[in-house]
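# Report on the structure
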Amino acid sequence: MISVNELTRHFRSNGRTIVAVDGLSFQVKSGEVYGLLGPNGAGKTTTLRMILGLLAPTSGDAEVNGFRATSQPDEVKRRIGLVSASSGLYQWLTPREMLMFFADLFGVSPLRARSRLDEMVALFDLGEFIDQRCATLSTGQKQRVTLARALMHDPPVMLLDEPTRGLDVVGTHVVFQYIDKLRSLGKAVVVSTHRLDEASHVCDRMGLLHHGRLWHEGTFAELQQVTGCSNLFDMFLKLLGQKPESSASGAEVIDAP
Amino acid sequence: MPLNVEMPEPIEKSYWHSPRWWRLALKELREILRDRRTIITLVAMPLLIYPLLGVTLQKLLMAQLTSKSKVEYRLAFQSHDDQRLFRQYFGQGHVIVAQRTPYEASNRTEPLGTTEDPFLEFVGPDQETGNVDVGTMISSGEADIGIIFASNAQRQSVQMEILYRSSSPFSCDARRFVEERFRAINEEFARKELARVKPGRLLPFEIHAESLTRSGKDHGPTFSLATLVPLILILMTVTGAVYPAIDLTAGERERGTLEALVSSPVPRHELLFAKYIAVVSVAVLTALANLLSMIATAYASGLEGLLFGSSGLSLRLVASTLGLLLIFAAFFSAVILVLTSFARSFKEAQAYLIPVMLVSLAPGVICLLPGIEFNGWLSVIPLANIVLLARDVFDNRVIPIWALATLLSTVLYSAVALSAAARIFGTDAVLYGSDGSWLDLLRRPESSRQQASLTQATLGLAILFPAFLILGGMTSRMTDVSIGYRLGINAGLTILLFAGLPIVLAAISAVNFRSGFSLGGASPLSFVAAGMLGLSLWPFAYELVLLQTPDRLSEFVKLFESFKTQLDAVPLAWKLISLALVPAICEELFFRGYLQTAFRAEMSTPWAVGLSSLLFGLFHVIVRDALFFERFAPTCFLGLILGLVCVKTGSLWPGMLLHSLHNGLLLTISSYTAQLKAMGIGNTEQQHLPTLWLVVAGTVASIAGGLLVRQRSRTTETKNLAL
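Residues numbered from 1 in each chain as written. Chains lettered and ligands numbered in written order. Predicted model: local features only at pLDDT ≥ 70, side-chain atom pairs only at ≥ 80, totals over all residues.

### Overview of the overall build of chain A
Rule in force here: Here a strand is any run of E in DSSP of at least two residues, a helix any run of H or I of at least four, and the numbering for each starts at the N terminus. To sort residues by burial, count the other C-beta atoms lying within 10 Å of each one's C-beta; a count of 20 or more means buried, 12 or fewer means exposed, and anything in between means partly exposed. C-beta atoms are built from the backbone. Note on contacts: each residue gets a C-beta atom placed from the backbone, and two residues are in contact if those atoms are within 7 Å.
Helix and strand content of chain A: 9 helices and 11 strands. Taken over 257 residues, chain A has a buried fraction of 47%. Taking as baseline every contact in chain A between residues at least 6 positions apart, the subset at least 24 positions apart corresponds to 70%.

### Some details on the overall build of chain B
Scanning chain B from terminus to terminus reveals 30 helices and 7 strands. Long-range contacts, defined here as pairs at least 24 residues apart, represent 80% of the contacts in chain B between residues at least 6 apart.

### Comments concerning helix 1 (residues 44-52) of chain A
Residue and element names in this part refer to chain A. Most of helix 1 is tucked away: 9 of the 9 residues are buried. Within helix 1, the full set of buried residues consists of Lys44, Thr45, Thr46, Thr47, Leu48, Arg49, Met50, Ile51 and Leu52. Immediately beyond the C-terminal end of helix 1, within one or two residues, lies glycine 53, with a positive phi of roughly 85 degrees.

### Re the sheet that holds strand 6 (residues 80-84) of chain A
Two pairing modes exist for strands in a sheet, parallel and antiparallel, and in both the strands are linked by backbone hydrogen bonds. Residue and element names in this part refer to chain A. Just so we agree on the cut-off: What makes two strands pair is DSSP finding at least two bridges between them. All axes here are fitted lines through C-alpha atoms, helices being fitted over the stretch that makes contact, and every angle between N-to-C directions spans 0 to 180 degrees.
The strand order across the open sheet formed by 6 strands is 6-7-8-3-9-10, and the pairing between neighbours is mixed. In the strand order of this sheet, the two ends are held by strand 6 and strand 10 (213-218), each with one partner. Going from strand to strand, the sheet's axes swing by 15 degrees on average, the running direction of each strand aside. Two strands pair when backbone bridges link them, and strand 9 (residues 205-210) and strand 10 are joined in this way by 5 bridges, in the antiparallel orientation.

### Structural notes on the environment of alanine 300 of chain B
Residue and element names in this part refer to chain B. The residue alanine 300 is located in helix 10 (residues 268-301) in this model. Of the residues examined, alanine 300 has 14 C-beta atoms within 10 Å and is grouped as partly exposed. Residues alanine 300 and proline 51, 249 residues apart in the sequence, show an inter-C-alpha distance of 9.3 Å.

### Focus on the packing of helix 5 (residues 139-151) of chain A against helix 6 (residues 169-184) of chain A
Residues and elements named next belong to chain A. Test applied: Should an angle lie under 35 degrees it is considered roughly parallel, over 145 roughly antiparallel, and from 65 to 115 roughly perpendicular; all remaining angles are considered oblique. Note: crossing handedness is left-handed where the near helix turns anticlockwise from the far helix by less than a right angle, and right-handed where it turns clockwise. Only Asp, Glu, Lys and Arg are considered charged in this grouping, and only Ala, Val, Leu, Ile, Met, Phe, Trp, Tyr, Cys and Pro are considered nonpolar; every other residue, Gly among them, is considered polar.
Helix 6 packs onto helix 5 with a crossing angle of 15 degrees between their chain directions and a minimal axis gap of 10 Å. Relative to helix 6, the element helix 5 lies roughly parallel. Along this stretch, helix 5 crosses helix 6, giving a crossing that reads as right-handed. Across from Gly140, Gln143, Arg144 and Leu147 in helix 5, the residues of helix 6 making contact are Val170, Gly171, Val174 and Tyr178. A breakdown of the residues in the contact of helix 5 with helix 6 according to their chemical character gives 4 nonpolar, 3 polar and 1 charged.

### Focus: unusual backbone geometry
Phi at aspartate 154 of chain A is positive, roughly 50 degrees, even though this residue is not glycine. Of note in the backbone geometry, alanine 510 of chain B takes a positive phi value of approximately 55 degrees without being a glycine. With respect to the element layout, alanine 510 of chain B can be found in the loop between helix 19 (483-508) and helix 20 (513-516). The partly exposed category is assigned to alanine 510 of chain B, around which 14 C-beta atoms lie within 10 Å.

### A look at the sheet that holds strand 2 (residues 119-122) of chain B
All names here are of chain B. Read from one edge to the other, the open sheet built from 5 strands follows the order 2-1-3-4-5, with strand pairing classed as mixed. What marks the edges here is a single partner per strand, and that holds for strand 2 and strand 5 (205-211). Across this sheet, the average inter-strand angle for adjacent strands is 30 degrees, counted without regard to direction. Sitting on the sheet, helix 3 (residues 80-98) touches strand 1 (72-77), strand 2 and strand 3 (145-152), and the angle it makes with strand 3 is about 90 degrees.

### So, the packing of helix 12 (residues 315-342) of chain B against helix 15 (residues 384-394) of chain B
Residues and elements named next belong to chain B. Interaxial distance between helix 12 and helix 15 falls to 10 Å at its minimum, and their mutual angle equals 175 degrees. In terms of orientation, helix 12 lies roughly antiparallel with respect to helix 15. Of the residues in helix 15, those in contact with Leu317, Ser320, Thr321, Leu324, Ile327 and Phe328 of helix 12 are Ile386, Leu389, Ala390, Val393 and Phe394. Of the residues in the contact of helix 12 with helix 15, the class split is 9 nonpolar, 2 polar and no charged.

### Considering helix 1 (residues 20-34) of chain B
As a reminder of what qualifies: Here a helix's expected span is defined as the number of its residues, less one, multiplied by 1.5 Å.
Relative to the 21 Å expected for 15 residues at 1.5 Å per residue, helix 1 of chain B spans 21 Å between its end C-alpha atoms, a close match to the ideal helical length. Burial in helix 1 of chain B covers these residues: Leu24, Ala25, Lys27, Glu28, Leu29, Glu31 and Ile32 of chain B.

### A closer look at the environment of alanine 420 of chain B
One can find alanine 420 of chain B in helix 16 (residues 400-424). Considering only alpha carbons, one finds alanine 420 of chain B and valine 338 of chain B, 82 residues apart in sequence, at a separation of 6.3 Å.

### What about the confidence of the model for chain B?
Residues and elements named next belong to chain B. Here is the rule: A score between 0 and 100, pLDDT records how confident the predictor is in each residue.
On average, residues of chain B score 78 in pLDDT, and 78% of them reach the 70 mark or higher. Here residues 214-222 scores under 50 on pLDDT; set against residues more than four positions off or in separate chains, the count is 15 contacts. Confidence metrics for the complex model read pTM 0.68 and ipTM 0.87.

### Here we look at the environment of threonine 70 of chain A
In this structure, threonine 70 of chain A sits in the loop between strand 5 (67-68) and helix 2 (73-78). In this structure the C-alpha to C-alpha distance between threonine 70 of chain A and leucine 52 of chain A, which are 18 residues apart in sequence, comes to 9.3 Å.

### Here we look at the confidence of the model for chain A
For residues with low pLDDT, the predicted coordinates do not support detailed interpretation. Residues at a pLDDT of 70 or more form 91% of chain A, whose mean pLDDT is 85. Low pLDDT (under 50) marks residues 244-257 of chain A, which in the prediction has 32 contacts with non-local residues, meaning those over four places away or in another chain.

This is how it looks when you write it as structure tokens:
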């Protein structure tokens, strides 16, 4: 469902080129949860934005259900649901208005949108506050609306960018349940996080990202075998100790010519 | 690594009843109108500001009036007889008004702040000659009102005309004071007449009041509060637009909803257009609320004459003002959306807007200065043009060409600003703060384009139109330069504007010249067909010109004849180069080459050809400092033919040949009008061409059309090239 091939992205800052993602490749099948793990600045969010077609890659490409993010971004967007920790809600709209608005944006017919809304209300228990202004909702209620928004158009692919950032134990548990639900619905899911405890809990496979480059990939057991570490935390410490050798081997700063 | 390609699943189509951009705009409006900050700007401010301003103005006027020991009205009369008649009846009316009951007296119209009766000073007619020009005395301010009596023998009554200045509150008060007393006589007469057994006699006075305008007299314009009204309304419209513009762009980014929005499969320009509609709607609603509040305040405080100019308050004035505010709101909303789309936060947007607003208001404030006349230069300066046009609407002295120039230039500037905003809105530079800057808008793309974008085409128009208007106007005033040199200068300007400008813009945007201007080759048959059309279209253009009214036709002929007389001194070859060849080649480069090719990439061919022809026609309507709408139809017709020739042949060259031949032939014919008149053509009795000529021309044009239709349309070829 998701196929990332040699994805690379450079940014220019103060006359220098920064390699944010460097030749990244991985695939995610339907019903699989893939964890993109790495410290802050590893290139996780940049990767998700390139898959979504919001950022143009410097080279390489990503495909979603056979559509290329660079040449068919609208078709790609139509098939992706995005949950981001930085996402907000329209303060002056109600959850009902907002969910119907996003259904419309994604080309869902009014009849189907109403039916999806009922499903989302049941799934996330939104009934109590569905007609309340978003500004008046609690943090937990807002989180549930955000999760429902990403599913309104029933996309086959889900991208979750730091979904538990800033959430308490209850909020985090809701996200875990959400990911399990997505897996059971057969969706291809990519979760970007730096919270290693979560990753080992919810992800089927993981990729360890550092300086924009994928260092190790596999199931938790495979990673243990390759790295010789028993837990993700040790794996990370070992990873952070490694420095990129050259521009080809990891993210770094390249002086402008 | 090969990519795993799966068959895409069908996506459900939507079945909403209204277009998507409108549904998006409704959502934006719903959100913004629920925000209490919008409500404060939209409702609370107009409700508070104008009554407060009205009361302040009233107090100010009262203070001025009460500072005088006694109010004194100066009355001018046409003759001593009029003065005598006035004296005879005024006292009678004054007594009736004074004896009225308290209820009736509440309608009395003494000047503001006075309770004592004012003095009446008679300033005319001249004691020696007995004559006076009452109108001049009123408009110059020598008298407050003028009174002219005329007897109506047939109706056995007296016609009373009161002349006054509606821009002067004092003059308006004087008119009300006198008019009320003469109306009181009429009312008293009517009361007595109704008590008679057989009522039937007509009222003794037929009273008419006429307002004199500054423009109607020799005196130049002076400052009046009416000039300030459009600027106040514009300021309030700006206030209405600013908050929604920031909230729907920078605010959305700050709240974290922008990423979710641009992650949807809706083009960014459509999202921005919906926001633009919402901002314009709120701005216009604010303008309407302000206008209504201002009208109500002016009416309640009796200041409508002072605030709404010489014509006073009327439905036409309100509608015109609202129309101008709509155009201004459309322009200003687009401009501020450019700035707010670039901002990454509410504060950043405010920091951009404040200096821009202050700078942009400068031309509007300068236009308040007395003596500023609306002309070609000012009609293309944003904001200044709207303020001046509004001032002229208030004074009822709109000059059509400058009004049209104002509307066209404002629409073009709005289109350019909106296109720029669409390029910025939701880009990664704004969304994620990557290393982007304003210069990105001007940066030359790394890969070349097959044709100019719609934004670049609009930008070309927005630069060309004011430049054409201003530079064209300057050359027409070079009366001390010989006609031959003037033709040369005109040709140079045509090359500079219609060829130089699109070439420079295309070079900046890395547009491929061959495809971007349709400069590919064409078959010999295309040239034959274009040549035949070039020789056969002029009779139809001539007949289309004859469709205009006789008055306009004679005006057109007069202008043409004066120009032709000057041209007689110029050799035919120079005339053909400067007036036929150069305009034909350059106009084809711009209208069919640059514009139509850009339009075709964005819309269907009929729309693209129609739009470029429409613009071609509009540019030809402006002749020196006047508008000749009669030229619109024949030029549009020619533009359509040229556009179709370009589409059918896939090349600009046949169109250039057609255009050159058409222009050259008309010019040559005009050089031999004497010979044509000898044949009976062009005389008053025989204005139309002989039917045989039209039949021959029609046949040739049909054959040429047939040849072109047989040509394979180059549309597909061009589109393939673009890929």
